[in-house]
Amino acid sequence: MTEPMPIRKTNPKDILVQSVFLVIVVVLIASAIASARTNLNAMGISSGFGFLDRSTGWSYSFSLVERSIDDPYRWTLFVGFLNTLFLGVISIILATLLGFAVGAARDARNFALNSMATLFVQIFRNIPLILQLVFWYAILIHMPGPRQAMSFLDLAFLSNRGLYTPALNLPPIASLTAFAFAIGSIVVVAKAVQSGFAKRFLIWLAANILLLAALVLFSGAGDSAVFSIPALKGLRFTGGITIPVELVAMIIAIVLYGAAYIAEVVKGGLRAVPKGLIEAGRSLGLSERTIWFKITMPMALRSIVPPLGNQWIFLMKATTIGVAIGFSDLFMIVSTSITQSGQTLELIGILMAAFLLINFSLAQMINLLNSRLQLVTN
Amino acid sequence: MSAPSSDWSFEPLKRRVFRSPSDTALSLLIFALLAYGLFVTVNWAFFNAVWSAGDAALCSEAEGACWSVIDARHRLILFGLYPYELHWRSTLACAAIIATVVLSCLPFFWTTRRLTGLWIAGFGTYYALMEGSMIGLQQVTTDQWGGLSLTLFLFSSVVLIGMPMGLGLALARRSRLPIISRGVAVLIDFIRSLPLLTTLFTAAVVVPILLPSWLQGDKIWRVILAFSLFFACYQAEVFRGGFQAVHKGQTEAGRALGLRPWQILSLVLLPQVFRHALPGTINMVVMTFKETAIVIIIGLFDILASANAAFGTGEWAPYYMEVYAFVGLIYWVFIFSLGQYGAYLERRMAVVSH
């Protein structure tokens, strides 16, 4: 052999096999289109995206923005898309926070803490998510009505209609701006402190707690110009925001289930940190807390982030079960649209495209996070 | 993988509970919480519960669980609308599937031939008993199957169809022919980035439009095939990991011995691939069992749907918690024990590979 790398000649058999494969795929697609045409003609449905401008004429449970039953399909589908994103992002954030806490407890030295975390994981990971969802929903809709609502420090209330929480008494745009501003300032503060991920995380957490405390303090003083707290007026609550039971049940179910999985990922990452590094920290005389935040956690994060990203994508996809309890996520809006309009192929295409878009963006974000993390710890 | 780095797992228990004053306080607080939770649960489930069979009236005064609802409705939850006097057949059929799963855990069956034979025999027994006409019993069509037996049917057929499909996809993705490997890679990534519900919904609602009427078949079979495809796409990645774990020199050694390509595959590669892929495969099987619960949305009468039906009628309506607890316990026992078994295997293999 004189050549270092033998160059494979294209085998005529290979070309034949691949051509047959291609022909089969093309024939399958062509016959699917042909029978779709006959079947749709028989049902009297004309294909195309013209239906997007027709008004829907039906209502649904939850929306973040203004809606009415006269909205065209395009707007209703967009509302569903927003709902899916909203629910997914909230669930991912909460599940990650809870999952890190439980995962750290799974690896903790304290036996009691350890057992409680194990119990949590073994309960919530081993029961199907949809069963947990219908269970929480059943409990919530059997709660007492608004007049006997369960009260949390007279600030938040839980009834069979939903969860009532204090809110900023500002127009939505102003609230959003304030929220974005708060996040931005936290990022700026965190950027200023260039001393490792753990400290930034702590600062971020502290800033959030401060923000929350400020919110509670302000609203505790009563109904002010800026904050509004829910209060019972007659048969229903006024003020604050109402989170409908469907959304509450979805968040509880997805967060508990997701946190149980994320906890296992975190535990695995913590256990994979080489023992020598921790011993090196000890022999340098670092305190256990410093070791945990400066050595264990930054090292663990490298192996945590890739599987954590898979969990995030999984949780995003899990939002589709909302249809089981009537939460109007994108899947429910699409399936209702299909029964109402009959434009099955177009609508399922929109649904798939939306999920490909969401998951692709999420995967890109995770890759970015991953590469940033490698840079920071190196 | 290396041994766990937490060196405190084997410390004396006393030191893990009362190491410092703050540890002691935390331990006592958590133990108090756990004890209270246990007290409430046990009181609800046992001491204050109504166990007597019969009517719902007895339960209205009880503070605890009303297990009468399970006594009255367990046939519906387990077997759905299957003819009442034929329930012995669905009992035996479910036992056949459970026995198949349990036997698969024994190392004796861990050869491709034995495992395949076991699953085909188990599934065949199930189908013959449930359907009936093949062994001279009264025929019961699939639309009357329901409850736990339908869940087990979906689970076992998805695993049985999806496993060879997954192997096929994994092999196709490894193919040196670019069009085939790229095409299959696109299919796998596409299915994997869609929610399972979307895939099943497409099979139930969209596929009838794309197929001529003589090819459409029952909805349940379309859903099973779509679910199998979903399973296969994930399982193909598990197998791919297994292929990557086998050293390349093995193929070259096989070629040097003059083995044909299919001999290298079946005699050298696959036995090792299966062994490496075992923990991931068990994980997938457990996931599949858990995810079957989603078919309630497509309108199949699985155990969750029959549970909803069990307390749907007037008199049992307040006792939804008991029914969900019963169904949750069934799922939990299956999934927990399979999961523990998978974790045990993973630990055992980690020791062997050292």
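Remember, predicted model here, so these are calculated numbers, not experimental data.

S.K.: Is there a simple way to think about the packing of aromatic side chains in this case?
M.R.: What describes a pair of aromatic rings is the distance from one ring centre to the other and the angle between the planes of the rings. All names here are of chain B. Here the structure, examined in full by the defined rule, presents 30 aromatic pairs over all chains. Judged by centre distance (6.5 Å) and plane angle (35°), the rings of Y127 and F153 are tilted. Of this pair, Y127 sits in helix α5 (residues 112–131) while F153 sits in helix α6 (residues 147–174), and the two are 26 residues apart along the sequence. Y127 gets classed as partly exposed once you look at its relative accessible area, which sits at 23%. Residue class for F153 comes out buried when judged on its relative accessible area of 0%. Each member of the aromatic cluster is reached from another via a ring pair, and the members are F123, Y126, Y127, W145, F153 and W221. Over the ring of F243 we find R174; its NZ or CZ atom is 4.2 Å from the centre of that ring.

S.K.: Can you walk me through the interface of chain B and chain A in this structure?
M.R.: Quite often, the size of an interface is put as the accessible area lost when its parts meet. Contacts between the two partners involve 57 residues from chain B and, on the opposite side, 60 residues from chain A. Of the roughly 5,300 Å² buried between chain B and chain A on both sides combined, carbon and sulfur atoms contribute 71%. Seen at the junction of chain B and chain A, the total is 15 residue pairs in polar contact (both at pLDDT 80 or more). Residue assignment for the side of chain B that touches chain A shows that the elements contributing at least two residues are α1 (13–17), α2 (21–47), α7 (178–193), α8 (196–210), α11 (261–291) and α13 (320–352) of chain B. The element best represented in the side of chain B that touches chain A is α13(B), accounting for ten residues. Looking at the side of chain B that touches chain A residue by residue, the classes come out as 39 nonpolar, nine polar and nine charged.

S.K.: Teacher, can you tell me more about the environment of K290(B) here?
M.R.: Topologically, K290(B) is positioned in helix α11. Residues K290(B) and I335(B), spaced 45 residues apart in sequence, show a C-alpha to C-alpha distance of 7.4 Å. If we skip the residues at most four places from it in the chain, K290(B) touches R125(A), I127(A), P128(A), Y257(A), Y261(A) and I335(B).

S.K.: Please clarify how empty space enclosed by the protein should be interpreted in this entry.
M.R.: Using a probe with the size of a water molecule, rolled over the atoms, empty space left in the structure can be pinpointed. Inspection of the entire model under this criterion finds two cavities of 30 Å³ or more. Lining the largest cavity are I97(B), I98(B), V101(B), L152(B), F155(B), F289(B), F334(B) and L338(B). Counting only elements with at least two residues in the lining of the largest cavity, the list comes to α4 (87–104), α6 and α13 of chain B. Broken down by element, the lining of the largest cavity gets its largest block of residues, three residues, from α4(B). Split by residue class, the lining of the largest cavity holds eight nonpolar, no polar and no charged. Looking at the second largest cavity, its volume works out to about 40 Å³. Contributing to the lining of the second largest cavity are L40(A), I45(A), S46(A), S47(A), G342(A), Q343(A), T344(A), L345(A) and E346(A). Ranked by the residues each element gives to the lining of the second largest cavity, the list is headed by helix α11 (residues 344–377) of chain A, at three residues.

S.K.: Mind showing me how you'd approach the pairing of strand β2 (residues 156–159) of chain A here?
M.R.: Regular strands place their side chains on alternate faces of the sheet. Residues and elements named next belong to chain A. Neither face of β2 is left uncovered, since the one carrying A156 and L158 and the one carrying F157 and S159 both have all their residues buried. Of the pairings in the sheet, the one linking strand β1 (residues 150–152) to β2 comprises three bridges and is antiparallel in character. Bridge assignment links S151 to a residue of β2, and that residue is F157. As judged from the three bridges shared by β2 and strand β3 (residues 162–165), these two strands associate in the antiparallel manner. Paired with L158 across the two strands is L163, which belongs to β3. The antiparallel hairpin formed by β2 and β3 contains two residues in its connecting segment.

S.K.: Would you mind showing me how to read the environment of A280(A) here?
M.R.: All names here are of chain A. Among the secondary structure elements, A280 is positioned in helix α8 (residues 275–283). Relative accessible area serves as the criterion here: at 36%, A280 is assigned to the partly exposed category. Separated by eleven residues in sequence, A280 and I291 have C-alpha atoms that sit 9.5 Å apart.

Thresholds, definitions, all that
- Residues numbered from 1 in each chain as written.
- Chains lettered and ligands numbered in written order.
- Predicted model: local features only at pLDDT ≥ 70, side-chain atom pairs only at ≥ 80, totals over all residues.
- Heavy atoms only, no water.
- Phe/Tyr/Trp six-rings, centres within 6.5 Å; stacked < 30°, edge-to-face > 60°.
- Helix = DSSP H or I, 4+ residues; strand = E, 2+ residues; numbered from the N terminus.
- Buried < 20%, exposed > 50% of the residue type's maximum accessible area, 1.4 Å probe, protein only.
- Lys NZ or Arg CZ within 6 Å of the ring centre and 35° of its normal.
- Contact = heavy atoms within 4.5 Å.
- Buried area = accessible area lost by both parts, 1.4 Å probe.
- Polar contact = N/O pair within 3.5 Å; in protein donor to acceptor, adjacent residues only side chain to side chain.
- Nonpolar A, V, L, I, M, F, W, Y, C, P; charged D, E, K, R; others polar.
- 1 Å grid on protein atoms, 1.4 Å probe; cavity = no way out; pocket = protein on both sides within 12 Å on 5 of 7 lines; lining within 4 Å.
- Points joined across faces, edges and corners; volume = space filled by probe spheres on them.
- Pairing = 2+ DSSP bridges.

Purely spatial values, then, with no claim about function.
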